[in-house]
Amino acid sequence: MAGQPGAIRAGRAFVELFADDRRLVRGLKRARARLKAFGASVRATGRQLAGLGAAAAVPLGLATRVFAGFDDQMRAVQAVTGATGEQFDRLNAKAKVLGRTTSYTAAQVAAAMLELGRAGFDPSEIETAIGSVLSLARATGIDLAEATNIAGNTLRSFGLQANELGRVADVLTAAANNSAQTLTDLGEAMKYAAPVADAYGLTLEQTAKALGALANFGIKGSMAGNTLKNIMLQLAKPEVREQIEALGVAVTDSEGNFRDLGGILTDLGKAMADLPRPERLALMDELFGKRAVAGGIKLTAAGFERLNEAIDHAAGTAGRTAKVMDSGIGGAMRRLWSAVEGVAIAAGEALAPAISALA
């Protein structure tokens, strides 16, 4: 077989390869270069596909996180208020609508609903009151959660129903924005004054006027609340009423109820106007006591027509003021981001069932 032509060619090829392997090496190098280029191409394609997948996943992941945050807040609302399925659905829808159409996000609206729930509002009351709370916060420029607490506490202190929270928001806005105090100051004053004022027989509006007048004299916050509370408590004492009535000023009406506090103090100021200063000051001290004498002195001479006019015609104030506050570029941007969040919530909600099942 060694003499056959095929065997001779194979032997020659072996000898040539053994003696000179340059052609083989060149071939192997070309093959390696092609293989390397193919591998690089495959890796680049993989990176591109991964990048496209990541780019597609980013908005979906963001939408899921936004919806999860909102959903967590609303679940907390449901847990605190005990909202049934239908009640919860109504609150959920309300939060989404307000989130899309106001300068507050749906998550912020849900947080405000939670604060109202913790204050004892039931689901239907929250649904009724939440819009007014948003207007109050924007109109007075304070944190939404704080505005919610102030409005809720004031409403309860005067024994008002949830459907009157709009009135509360309007009066608080008018009082805060037309006197030398913030809504925070006014809310702090209301903590101390409102329960006693309600027992005395003062309306929300009358109390706000008195606290606004005190604020204009630099007496604000808890100091104003305690001052007004102590004045009312002093007027309840029989010996104090006798002293005031001896000056010709009626403290009670024909039915035995307290007259309007502003009217009593105004009349008292006029009755003491002709007294010498030392005697007038000593009488004020006797009437109002050390803790309230400064406020009593000022309220007997107070005359803030602009403040009184604003509170007397407060209806719609919170909504109008909030609209003005949101009319510039800042408000436009807030509404834009609220709308964007609304889109993200809708996308996240659509993805939620599949993601929950996968998780």
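Preceding this paragraph is the structure being described.
Conventions we followed
Residues numbered from 1 in each chain as written. Predicted model: local features only at pLDDT ≥ 70, side-chain atom pairs only at ≥ 80, totals over all residues. Heavy atoms only, no water. Salt bridge = Lys/Arg side-chain N within 4 Å of Asp/Glu carboxyl O. Helix = DSSP H or I, 4+ residues; strand = E, 2+ residues; numbered from the N terminus. Buried < 20%, exposed > 50% of the residue type's maximum accessible area, 1.4 Å probe, protein only. Core = buried A, V, L, I, M, F, W, Y, C linked by side-chain atoms within 4.5 Å. Contact = heavy atoms within 4.5 Å. Phe/Tyr/Trp six-rings, centres within 6.5 Å; stacked < 30°, edge-to-face > 60°. Lys NZ or Arg CZ within 6 Å of the ring centre and 35° of its normal. Axes fitted to C-alpha atoms, helices over the stretch in contact; angles between N-to-C directions. Parallel < 35°, antiparallel > 145°, perpendicular 65-115°, else oblique. Left-handed = near helix turned anticlockwise from the far one by under 90°. Nonpolar A, V, L, I, M, F, W, Y, C, P; charged D, E, K, R; others polar.

Novice: I keep staring at the pattern of salt bridges and nothing clicks. Help me out?
Specialist: Side chains bearing opposite charge may pair, as long as their charged atoms lie close to each other. Within this structure, the stated rule accounts for 12 salt bridges. Salt-bridge contacts for Glu205 lead to Arg167; the nearest nitrogen and oxygen are separated by 2.9 Å. Remark: Arg167 occurs in helix H7 (residues 165–177) and Glu205 occurs in helix H9 (residues 204–216); sequence separation between them is 38 residues. Residue Arg167 is classed as partly exposed on the basis of its relative accessible area, which comes to 30%. A single network of salt bridges, built from pairs that share partners, joins Arg138, Asp326 and Arg334.

Novice: Before we go on, may I ask you to explain the nonpolar core in this structure?
Specialist: General note: in soluble globular proteins, nonpolar side chains tend to be found buried as a group. Met113, Leu183, Met190 and Leu261 are the most contacted members of the largest nonpolar core, which has 85 residues in total. Contacts of Leu261, omitting those with residues within four sequence positions, involve Tyr200, Leu202, Leu228, Ile231, Met232 and Leu235.

Novice: What exactly am I supposed to notice about the packing of aromatic side chains here?
Specialist: How two aromatic rings sit relative to each other is given by the distance of their centres and the angle of their planes. Enumeration according to the criterion identifies one aromatic pair in this entry. Pairing Tyr200 with Phe258 gives two aromatic rings, centres 4.1 Å apart and planes at 10°, and the pair type is stacked. Of this pair, Tyr200 sits in helix H8 (residues 183–200) while Phe258 is found in the loop between helix H11 (238–246) and helix H12 (261–271), placing the two residues 58 residues apart along the sequence. One cation-aromatic arrangement involves Arg138 over Tyr104; the distance from NZ or CZ to the ring centre is 4.4 Å. In this arrangement the basic side chain of Arg156 is found over the ring face of Phe121, its NZ or CZ atom lying 4.1 Å from the centre.

Novice: Teacher, can you tell me more about the environment of Thr266 here?
Specialist: Examined against the element boundaries, Thr266 turns out to sit in helix H12. Overall, the relative accessible area of 32% leaves Thr266 in the partly exposed class. Once the C-alpha coordinates of Thr266 and Ala301 are considered, the two residues, 35 residues apart in sequence, prove to be 6.7 Å apart.

Novice: Which parts of the structure should I look at to understand the environment of Met232?
Specialist: Take Met232: it is sitting in helix H10 (residues 222–235). According to the relative accessible area criterion, Met232 is buried, its value standing at 2%. A C-alpha to C-alpha distance of 7.1 Å links Met232 and Tyr200, two positions 32 residues apart in sequence.

Novice: Can you help me understand the environment of Asn163 in this one?
Specialist: Residue placement: Asn163 occurs in the loop between helix H6 (144–157) and H7. With relative accessibility at 61%, the residue Asn163 sits in the exposed group. Sequence separation between Asn163 and Ala129 is 34 residues; the distance between their C-alpha atoms is 6.5 Å.

Novice: Is there a simple way to explain the packing of H8 against H10 in this structure?
Specialist: In a packed pair of helices, the relevant descriptors are the angle between the two axes and the axis-to-axis distance. Closest axis-to-axis distance for the H8/H10 pair is 6 Å, and the angle between their directions is 20°. Regarding the angle of H8 to H10, the classification is roughly parallel. For H8 against H10, the interelement crossing comes out left-handed. Here Glu188, Ala189, Tyr192, Ala193, Val196, Ala197 and Tyr200 of H8 lie close against H10, whose contacting residues are Ser222, Ala224, Gly225, Asn226, Leu228, Lys229, Met232, Leu233 and Leu235. Split into classes, the residues belonging to the contact of H8 with H10 amount to 11 nonpolar, three polar and two charged.

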